[in-house]
Amino acid sequence: FKPVAPSPSASSTQPQAASITNSGDSEAWKNVPVDTLGLPVGIVTALAEADINTLGKIADYTSTGKRLTDIANIGTAKAEKIENACAEYWKRNPA
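Described below are features of the structure shown in this document.

**Re the overall build of the chain**
In step 1: A tally of helices and strands in the chain yields 3 helices and 2 strands.
In step 2: Helices and strands appear in the chain in the N-to-C order β-β-α-α-α.
In step 3: Residue burial in the chain is summarised as follows: out of 95 residues, 35% are buried.

Right, here's the structure in full:
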């Protein structure tokens, strides 16, 4: 699993869709609750309202080309926090 870096359009104010995948055989990571990623409660709540409550659901959402900023109450800064939290998870739990 590795979040894919956004395309290098530095002038863009919108983060590009981040695709989250896992090349390993284990799919246990898909069931990791979003509220265990160290995200602020407001972000967890916004994700839950979009029916995104696990790392797998974040991966599914972004793999379809959707941006985290398409979710209600998730702006650029919050999307970056989500992406950073996912990256930190994979640093601690490599596939």
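**Brief notes about the nonpolar core**
In step 1: Of all hydrophobic cores here, the largest spans 23 residues; its most connected members are Leu-39 and Ile-82.
In step 2: Counting residues per element, the ones that place at least two in this core are α1 (41–49), α2 (55–63) and α3 (76–92).
In step 3: Among the elements that take part in this core, α3 stands out by supplying 6 residues, more than any other.
In step 4: Discounting residues that sit within four places of it in the chain, Leu-39 has contacts with Val-34, Val-44, Leu-47, Lys-81, Ile-82 and Ala-85.

**Thoughts on the pattern of salt bridges**
In step 1: Taken as a whole and judged by the stated rule, the model has 3 salt bridges.
In step 2: As a salt-bridge pair, Lys-30 and Glu-27 come within 3.0 Å of each other at their nearest N and O atoms.
In step 3: Exposure remark for Lys-30: the relative accessible area of 31% places this residue in the partly exposed category.
In step 4: On the accessibility criterion, Glu-27 (48% relative accessible area) is partly exposed.

**With respect to the environment of Ala-87**
In step 1: For Ala-87, the position within the fold is in helix α3.
In step 2: Given a relative accessible area of 26%, Ala-87 falls into the partly exposed group.

**So, the packing of aromatic side chains**
In step 1: Using the criterion set out here, one finds 2 aromatic pairs in the structure.
In step 2: Ring centres 5.5 Å apart and planes at 70° place the aromatic pair Trp-29 and Trp-90 in the edge-to-face group. You can see Trp-29 sitting in the loop between β2 (20–21) and α1 and its partner Trp-90 sitting in helix α3, a full 61 residues away along the chain. Each member of the pair, Trp-29 together with Trp-90, is buried.
In step 3: Relative to Trp-90, the ring of Tyr-89 has its centre 4.9 Å away and its plane inclined at 90°; by these criteria the two rings are edge-to-face.
In step 4: By relative accessible area, which is 13% here, Tyr-89 ends up buried.
In step 5: Three or more aromatic residues joined by ring pairs make a cluster, and in this case those are Trp-29, Tyr-89 and Trp-90.

**Here we look at α1**
In step 1: For α1, every residue scored as buried is listed here: Ile-43, Val-44, Ala-46 and Leu-47. The arc that holds the buried residues of α1, viewed along the axis, is 160°, so those residues lie on one side. The outward face of α1, more than 90 degrees from its buried face, is lined by the exposed residues Val-41 and Glu-49.

Reading the values: rules and limits
Residues numbered from 1 in each chain as written. Predicted model: local features only at pLDDT ≥ 70, side-chain atom pairs only at ≥ 80, totals over all residues. Heavy atoms only, no water. Helix = DSSP H or I, 4+ residues; strand = E, 2+ residues; numbered from the N terminus. Buried < 20%, exposed > 50% of the residue type's maximum accessible area, 1.4 Å probe, protein only. Core = buried A, V, L, I, M, F, W, Y, C linked by side-chain atoms within 4.5 Å. Contact = heavy atoms within 4.5 Å. Salt bridge = Lys/Arg side-chain N within 4 Å of Asp/Glu carboxyl O. Phe/Tyr/Trp six-rings, centres within 6.5 Å; stacked < 30°, edge-to-face > 60°. Arc of directions from axis to C-beta.

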